[in-house]
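So you can see what is in the structure, the chains are spelled out below.
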Amino acid sequence: MADPVTAGERRAGLTELAARARACERCPQLAAARTTVVFGNGDPDADLLLVGEAPGQDEDRQGVPFVGAAGRLLNELLAEIGIRRDEVFVTNVLRCRPPDNRDPLPEEIDHCRGYLLETLALVRPKVVCSLGTFATRLLREDPASIRAVRGRAEIRTIGRSTVRLLPLFHPAAALYQPSSVELLREDLARLPALLELPAPTPAVPPPVTGDGDRPPQAEAPPEPPADAQLGLF
Ligand code: SF4
């Protein structure tokens, strides 16, 4: 199915996806313990999408991501570079709070991944910031530590979305390490210039050569896996 093009289609798609998430019980422990499903919020037409780790206690109660102390820090740092929170779309690796704020389990991340891929395909941001280790490892499909890759923008195809990905420290971690706040501020300062760049396009495989006089043919990019197309799996 073609991705929605108009703002109305994107909103309708996100509304339908959020309804599916609210009924989701793929992670039994999380579904039993949650108060709300924190799907994500913000501008459905945003050029910038932020991906955190999982809802905390405040987020679980209010059903909105990044509303606690870490969210306030994030909002302040975004404001410093002229970006309002309501101009971006914010979501998480997990949509349900892990008990006692424990780390997300690999199977939980796998269960919830489809919602993130589908959200990306609906919002179609130019730039994605992965906040912290779990979001960065998921979106880069690489176990590199956040310290090794933070602040380095790269073009990535995630599901069926091609974006500029900028890994950042998670603001919650920065709260506990004041030196990290400066690094987070320094990395966020790259965002305005990244948002000015044109939307990235998927990498085209190198042309086929050595076939007589026929012009080289660009191969079609591979189809995304079925689970990414469906959004849920
Ligand atoms: S974390 Fe995601 S996959 Fe797991 S129950 Fe919640 S919405 Fe479903």
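Just above sits the structure.
Everything in this summary refers to the structure shown in the same document. Numbers given for residues are sequential positions, taken from 1 along each chain in its written order. Two thresholds apply to this predicted model, a pLDDT of at least 70 for residue-level local features and 80 or more for giving and counting side-chain atom pairs, whereas whole-chain, interface and lining totals are computed over all residues. Only hydrogens and water are removed before side-chain values are computed, so all heavy atoms of the structure are retained for them.

1. Some words on the overall build of the protein
Thinking step 1. For helices the rule is a DSSP run of H or I covering at least 4 residues; for strands it is a run of E covering at least 2, with both sets numbered from the N terminus onward. If you tally the helices and strands in the protein, you get 11 helices and 6 strands.
Thinking step 2. By the burial criterion, 45% of the 233 residues in the protein qualify as buried.
Thinking step 3. Accessible areas in this description were obtained via Shrake-Rupley with a 1.4 Å probe; residue shielding takes into account the shown protein chains only. About 11,700 Å² of surface is accessible on the protein, with carbon and sulfur atoms providing 53% of the total. Categorising residues by exposure relies on relative accessible area from a 1.4 Å probe, with only protein chains included: less than 20% of the type maximum marks a residue as buried, more than 50% marks it as exposed, and the intermediate range marks it as partly exposed.

2. Some details on the site of the ligand
Thinking step 1. Near the ligand, the surroundings consist of C24, R26, C27, L30, R34, R95, C96, H111, C112 and Y115.
Thinking step 2. The cavity where the ligand resides is the largest cavity.
Thinking step 3. It is helix α5 (residues 106-123) that provides the largest number of residues to the shell around the ligand, a total of 3 residues. Nearness is defined per residue: one heavy atom within 4 Å of the molecule or strand is enough. A pocket, in this scheme, is an open set of points on a 1 Å grid over the protein atoms alone with protein on both sides within 12 Å along at least 5 of 7 lines, while a cavity is a set where a 1.4 Å probe fits but cannot get out; residues line either one if an atom lies within 4 Å of a point. To qualify as sitting in a cavity or pocket, a molecule needs more than half of its atoms within 2 Å of the grid points.

3. As for empty space enclosed by the protein
Thinking step 1. Grid points are joined across faces, edges and corners, and a volume is the space filled by probe spheres set on the points. Taken as a whole, this structure holds 1 cavity of 30 Å³ or more when the rule is applied.
Thinking step 2. One number sums up the size of the largest cavity: a volume of about 110 Å³.
Thinking step 3. Lining of the largest cavity is provided by 14 residues; of these, C24, C27, R34, C96 and C112 occupy positions nearest its centre.
Thinking step 4. When contributions to the lining of the largest cavity are tallied by element, the ones reaching two or more residues are α2 (28-33) and α5.
Thinking step 5. Broken down by element, the lining of the largest cavity gets its largest block of residues, 3 residues, from α5.
Thinking step 6. Just so you know the grouping, Ala, Val, Leu, Ile, Met, Phe, Trp, Tyr, Cys and Pro go in nonpolar, Asp, Glu, Lys and Arg go in charged, and all remaining residues, Gly too, go in polar. Per-class residue counts for the lining of the largest cavity are 10 nonpolar, 1 polar and 3 charged.

4. Overview of the pairing of strand β3 (residues 89-92)
Thinking step 1. The alternating pattern of β3 places F89 and T91 on one face and V90 and N92 on the opposite face, and all of these are buried.
Thinking step 2. Pairing between strands is defined by DSSP: at least two bridges between the two strands are required. As paired strands, strand β2 (residues 48-52) and β3 are joined by 4 bridges and run parallel to one another. Following the sheet pairing, L49 is matched in β3 by F89.

5. Quick word on unusual backbone geometry
Thinking step 1. Even without being a glycine, D100 presents a positive backbone phi close to 55°.
Thinking step 2. The residue D100 is located in the loop between β3 and α5 in this model.
Thinking step 3. What makes D100 exposed here is its relative accessible area of 74%.
Thinking step 4. Despite not being glycine, E141 has its phi angle at roughly 50°, a positive value.
Thinking step 5. Looking at where E141 falls in the secondary structure, it is placed in the loop between α6 (133-140) and α7 (146-149).

6. Focus: the sheet that holds β2
Thinking step 1. The strand order β1-β3-β2-β4-β6-β5 describes an open sheet built from 6 strands, whose pairing is mixed. Only two strands of the sheet have a single neighbouring strand rather than two, namely β1 (41-42) and β5 (154-158).
Thinking step 2. When β1 meets β3, the two strands line up antiparallel, connected through 2 bridges. When the sheet's bridge partners are listed, G42 is paired in β3 with F89.
Thinking step 3. Contacts from α6 reach β2, β4 (127-131), β5 and β6 (161-168) within the one sheet, and its direction differs from that of β4 by about 130°. Pairs of residues are marked as contacts when any of their non-hydrogen atoms sit within 4.5 Å. Orientation is described by lines fitted to C-alpha atoms, with helices fitted over the stretch in contact, and by angles between N-to-C directions that extend from 0 to 180 degrees.

7. Re the nonpolar core
Looking at soluble globular proteins, one finds that nonpolar side chains tend to be buried together.
Thinking step 1. Only buried residues count toward a nonpolar core. Its members are Ala, Val, Leu, Ile, Met, Phe, Trp, Tyr and Cys residues joined through side-chain atoms within 4.5 Å. Among the nonpolar cores identified, the biggest contains 32 residues, and V51 and V128 are the most heavily contacted of them.
Thinking step 2. When residues of this core are traced back to their parent elements, those giving at least two are α1 (7-22), β2, α5, α6 and β6.
Thinking step 3. Ignoring any residue separated from it by four or fewer positions in sequence, one finds V51 in contact with T91, N92, V93, L116, V128, C129, S130, L131, A135 and L139.
Thinking step 4. The next biggest cluster of nonpolar side chains, apart from the first, holds 22 residues, and it includes F66, L78, L131 and V181.

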